[in-house]
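Architecture at a glance
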Amino acid sequence: MDAPDVLDLWDLRVRHQPDAPALVTPDRVLTHRSVDRLTDAWAASLAGRGAGPGRLVGLAFADPGRTVLGMLAALKAGAGFTVLDDRLPAAARDSLVRRTAAAVWLGDGAHAPAAAYVPDGAAGGVADDGTAGGPATGEGAGAADAGGHPVRPPARAAGHDVAYVLFTSGSTGQPKGTLIERDSLRRFAAAVAERLELAAGDRWLQVASLGFDVLIEEVFPALVAGAAVVCRADTRALDAEELHTMMARTGTTVVELSTQYWLEYARWLDARGLTTPAGLRLVVVGGERMDPRPYREWQARQPARLAHVYGLTECTVSSTFYTGLLPADAAEVPLGTPLRDVEISVRRDGRPVPQGESGEIHIGGPLLARGFLDDDDATARRFVPDPLSAVPGARVYTTGDLGRIDADGNLVFLGRLDDQVKIRGHRLEPARVERALCEDPSVEQAVVFPDPATGTVLWAFTVPADPERAPLPGEAVRLTAAQRDALVAPLEEQLPDWAVPRVLYRVSVLPKNPHGKIDKRRLSDWATATATATVTNAAAATGTGTAATGTGTGPTVPGAPGPGGDPLSTVLGLFREVLGAPELGPDDDFFEHGGQSLLAMRLLARLREFLPSAAGLRASALLRCPTPRLLAGALATAGPREAGPQEAGLPR
């Protein structure tokens, strides 16, 4: 008897609850029957164009809802899928399209390959009876049943066939394509649904970037549990207010947020004295190390429970979950215990260490990826034979993460064994970015690391090739906007936005600590001293003081707003506070001084506290008005709301 497939779990739900919601979009709610019939039609079209077992279907839609449909349709055609992130620069997108060699591409976004198409009925939606909006015509339309509904193609994929390929950053200069098999996807989806107690009444809000592996966790556990996936109108990031409003209006019960995104949402709730929407029962948080303090504060104030998650793309997204109440004396938030079918061990020199001792985290079991796409050497290095397993041919993935097992059996993260960092939930080898910076002939050396204050933006310190251009020892000179743009322009053509340094300094030397490694703390101190000196000199020149106190949860920054200032002073003060840049001027660009999506959320929240005209401000306004002067001018002429939740594309 063949092993069950992930589609068997889906089919079971369609039979048992055909009229229950499966996909919620801003325009409509699609039932399990509707989604099943529509994706059958899509699958027939894909099969007619060459999709099948061992082949890939590329997805490049402009909206998440059709991406979810495309993933299910590809699996029904017997193929796997890959999702093209619309945020990638053109060169990186083209590289991924070539490397995946997809049999066919679906999509309509500006980032879609020229050969991409939209299946019949996709644009017109789904009729009340669950059929496509028009007849399934054209090449490969496939057969129909007695009721005129398209019939799923007969191709039956095996458990070892590819389910999807998604890409993760690597140290070799190009992202690694991680190949996950169908049996691994089935086991993963069922195990997460079991651990999080997903049920037919649940609604999981999809917020992750398309192309990021969290997308898999937002979709398949919900679908196999009979729950619904809730999708945004587009891939634009939601700020804290939009997230809160959308969860409330759609009846979202489960959401997964990166650590930094969750912190911004928690800060927003606290500032307004609000609690999570009544329907929200669970917030899954992961991607970076978690500070115990905000975790405890959330558990004391918010009704929605927390689940701390740990996992890697190479091991089918998530491997462990922690869902307990954090003890008062815990110094770390545990990563939790493994999912069913996941084997976690902590080893040193290939041997397990006693409980409580530290070592490298190893992950084994049937959820491991087949390996890296067209990279046998990297696959052999990270997916190694497991001499401790009694299962013939068993492998184990060496994570490079340092951890231990505590007295309660929970895995605890202790850091990295190498220099890999997490930035906004993404893994990054800094060496990759450092090498790219050093390709500029003016740069002799470079070091890259997340900013110490928020960990959400990359800083870069460079040593000039020409000693005459080097600052004095112990000084860090911040590059001007023009200098920075010239240096990072080649990086922006190849790397995603989160991997490009936004704050750059020039130093005479990269200092070393007693262990011979670059002393990043000292570099941070040099940068802080430079900023402080800049503000002090400016204040002395103008005869004004710099001390001011702000409200909210951010640090006190010279120039932060107080009550009653004029709009430009208020906006300027908030720019300085959020960016941690007291030297910022009224004509300095938010994004050129380290601004990115998470900091934009914080800035919008603070602006709404001080200025009534900012009540409906959205992140897109910062793209149009990225300086304090421009934004203050726009706010001065704005009405009470720029765009409410309805205009932002949220369901009614």
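In this report, the structure presented in the accompanying data block is examined. What you see is a predicted model, and the numbers here were worked out from it, not measured in a lab. (Residues numbered from 1 in each chain as written. Predicted model: local features only at pLDDT ≥ 70, side-chain atom pairs only at ≥ 80, totals over all residues. Heavy atoms only, no water.)

A tally of helices and strands in the chain yields 17 helices and 27 strands. The buried share among the 652 residues of the chain stands at 56%. The long-range share in the chain, meaning contacts at least 24 apart out of those at least 6 apart in sequence, stands at 66%. As displayed, the chain offers around 26,200 Å² of accessible surface, 52% of which is attributable to carbon and sulfur atoms. (Helix = DSSP H or I, 4+ residues; strand = E, 2+ residues; numbered from the N terminus. Buried < 20%, exposed > 50% of the residue type's maximum accessible area, 1.4 Å probe, protein only. Contact = heavy atoms within 4.5 Å. Areas by Shrake-Rupley, 256 points an atom, 1.4 Å probe, with all protein chains shown as cover.)

Along the polypeptide, S184 turns up in helix α5 (residues 182-195). A polar contact of 2.8 Å, which involves the side chain of S184, links it to the backbone oxygen of P366. (Polar contact = N/O pair within 3.5 Å; in protein donor to acceptor, adjacent residues only side chain to side chain.)

Moving on, we come to the sheet that holds strand β9 (residues 228-230). Adjacent strands of a sheet pair through backbone hydrogen bonds, lying either parallel or antiparallel. On the basis of which strands lie adjacent, the open sheet formed by nine strands has the order β2-β1-β9-β8-β10-β11-β12-β13-β14 and mixed pairing. Each of the sheet's edge strands pairs with one partner strand only, and the pair in question is β2 (29-31) and β14 (337-338). In this sheet, strand β10 (residues 254-258) lies alongside strand β8 (residues 203-205) in parallel orientation, the contact comprising two bridges. Each residue of the ladder has a partner; that of L205, found in β10, is V255. (Pairing = 2+ DSSP bridges.)

All right, on to the pattern of salt bridges then. Per the stated rule, a full pass over the model turns up 31 salt bridges. Taking the shortest distance from any N to any O, the salt bridge between R236 and E242 comes out at 3.1 Å. For R236, a relative accessible area of 30% corresponds to the partly exposed category. With relative accessibility at 3%, the residue E242 sits in the buried group. (Salt bridge = Lys/Arg side-chain N within 4 Å of Asp/Glu carboxyl O.)

The nonpolar side chains of soluble globular proteins are, as a tendency, buried together. By size, the foremost hydrophobic cluster in this structure holds 80 residues, and its most contacted members are M71, F81, I216 and F220. Counting residues per element, this core draws most heavily on helix α6 (residues 214-225), at eight residues. Within the second largest apolar cluster, 33 residues are counted, among which are V230, L243, Y261 and Y265. (Core = buried A, V, L, I, M, F, W, Y, C linked by side-chain atoms within 4.5 Å.)

In short, the description is geometric, and any link to function would need to be established separately.
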